[in-house]
Amino acid sequence: MRIVVVPDTAAMGKRAADLVEKEMGKHVNPVIGLATGSTPLPLYKELIRRNREGGLDFSTTITFNLDEYVGLPTDHSESYRRFMNENLFDHINIVPGNTHVPNGMADDVEAECENYERMIADCGGIDLQVLGIGGNGHIGFNEPGSSLGSLTRIKTLTEKTRQDNARFFDSIDDVPRYAITMGIGTIIAARKCILLASGEGKADAIKDACEGPLTAMCPASVLQLHRYATLIVTEDAAGKLTLPVED
Ligand code: GLP
């Protein structure tokens, strides 16, 4: 696990964009896994800038998002499909049909999950997966206790996650109780992973993920097993690490 500490979120976005751009350059049809949340926004801002000003071409890129709330229509202000359209896809030259977000409105959720796995496999697997981290160490919506070998499925959100995400909704009662998420097994099957974290609120989760035991109680700790996992964390999020890191 490579841990890179950066001074601020802008630097985090640039370092992450460097890795995404480098990976995209290696493939005819790069397959990039994407995440939602406030953390990857500086990365998306930088990718948009490079697309507009630097010629970074997304026309053959395929994306798969980690997760989606169950029961929110795609045009709901907090659906992850809408988030991705508004914060990235609508601003770059990606083909809309090449962007995938699980369908949280599917009648048959189980079939949707199986189909999502199949589509990833049909594209040859994910070349690089971008991740955020929940305050409780979750990745995607794989809450503590999730099977480390799990594939895409429906998960019940913990109270902590619903409270953390309540800031985006009118009240906590409006926060969905379920989500479809790539499994931990799906995530670590990606050939490379980059996890971004910023803010003091993530310091405990980052310490547990990097220096704690490998445990389902901190799903992000599974990255300790991954051959090509890079963490890009701001100084405040890295504040509780005790081992030496890069900058
Ligand atoms: C949600 C998403 C995660 C994300 C996490 C952290 O729960 N499912 O993929 O990493 O929030 O969000 P933020 O980056 O806003 O702290």
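So, a few notes on the structure that sits alongside this text.

The rules behind the values
In every chain, residue numbers begin from 1 and rise along the written sequence. Totals for whole chains, interfaces and linings use every residue, but because this is a predicted model, local features are given only for residues with pLDDT of at least 70 and side-chain atom pairs only at 80 or more, for both listing and counting. Each side-chain value is worked out from all heavy atoms of the structure, with water and hydrogens disregarded. At least two bridges found by DSSP between two strands are what make those strands a pair. In this description a helix means any DSSP run of H or I spanning at least four residues, a strand means any run of E spanning at least two, and both kinds are numbered starting from the N terminus. Here an axis means a line fitted to C-alpha atoms, over the contact stretch when the element is a helix, while the angle between two N-to-C directions is reported on a 0 to 180 degree scale. Throughout, the protein atoms alone are placed on a 1 Å grid, and a set of points is a cavity if a 1.4 Å probe fits but cannot get out or a pocket if it is open with protein on both sides within 12 Å along at least five of seven lines; lining residues have an atom within 4 Å of a point. Grid points are joined across faces, edges and corners, and a volume is the space filled by probe spheres set on the points. Here the term charged refers only to Asp, Glu, Lys and Arg, the term nonpolar to Ala, Val, Leu, Ile, Met, Phe, Trp, Tyr, Cys and Pro, and the term polar to all other amino acids, Gly among them. By definition, residues are in contact when any of their heavy atoms lie within 4.5 Å. Roughly parallel covers angles under 35 degrees, roughly antiparallel covers those over 145, roughly perpendicular covers 65 to 115, and oblique covers all other angles. Here a crossing is called left-handed whenever its near helix is offset anticlockwise from the far helix by less than a right angle, and right-handed whenever the offset is clockwise.

Our next topic: the sheet that holds strand β4 (residues 67–69). Strand-to-strand pairing in sheets goes through backbone hydrogen bonds, with the strands running parallel or antiparallel. Taken in spatial order, the 3 strands make up an open sheet running β4-β8-β7, and their pairing is antiparallel. Among the strands making up the open sheet, the edge pair consists of β4 and β7 (153–156). Ignoring strand direction, the axes of neighbouring strands in this sheet form an average angle of 30°. By the bridge criterion, 3 bridges tie β4 to strand β8 (residues 178–181) in an arrangement that is antiparallel. Each bridged residue has a counterpart across the sheet, and for Asp67 the counterpart in β8 is Thr181.

For the rest of this paragraph, the subject is the layout of surface pockets. When its volume is computed, the largest pocket comes out at roughly 670 Å³. Lining of the largest pocket is provided by 34 residues; of these, Thr36, Gly37, Ser38, Asn165 and Arg167 occupy positions nearest its centre. For the lining of the largest pocket, the elements supplying multiple residues, two or more each, are β4, α3 (80–87) and α5 (159–165). Residue contributions to the lining of the largest pocket peak at 4 residues, all from α5. Looking at the lining of the largest pocket residue by residue, the classes come out as 12 nonpolar, 15 polar and 7 charged. Estimates place the volume of the second largest pocket at around 180 Å³. Of the residues belonging to the lining of the second largest pocket, the class tally is 6 nonpolar, 1 polar and 4 charged.

Another point: the environment of Leu72. Mapped onto the secondary structure, Leu72 falls in the loop between β4 and α3. Leaving out residues up to four positions away in the same chain, Leu72 has contacts with Glu78, Ser79, Met105, Phe169 and Pro176.

Attention now goes to the packing of helix α1 (residues 9–24) against helix α2 (residues 41–53). The N-to-C vectors of α1 and α2 enclose an angle of 55°; their axes lie 8 Å apart at closest approach. As the angle between them shows, α1 and α2 are arranged oblique. The crossing of α1 and α2 is right-handed. Counting all contacts with α1, which are made through Thr9, Met12, Gly13, Lys14, Ala16, Ala17, Asp18, Val20 and Glu21, the residues of α2 involved are Pro42, Leu43, Glu46, Leu47 and Arg50.

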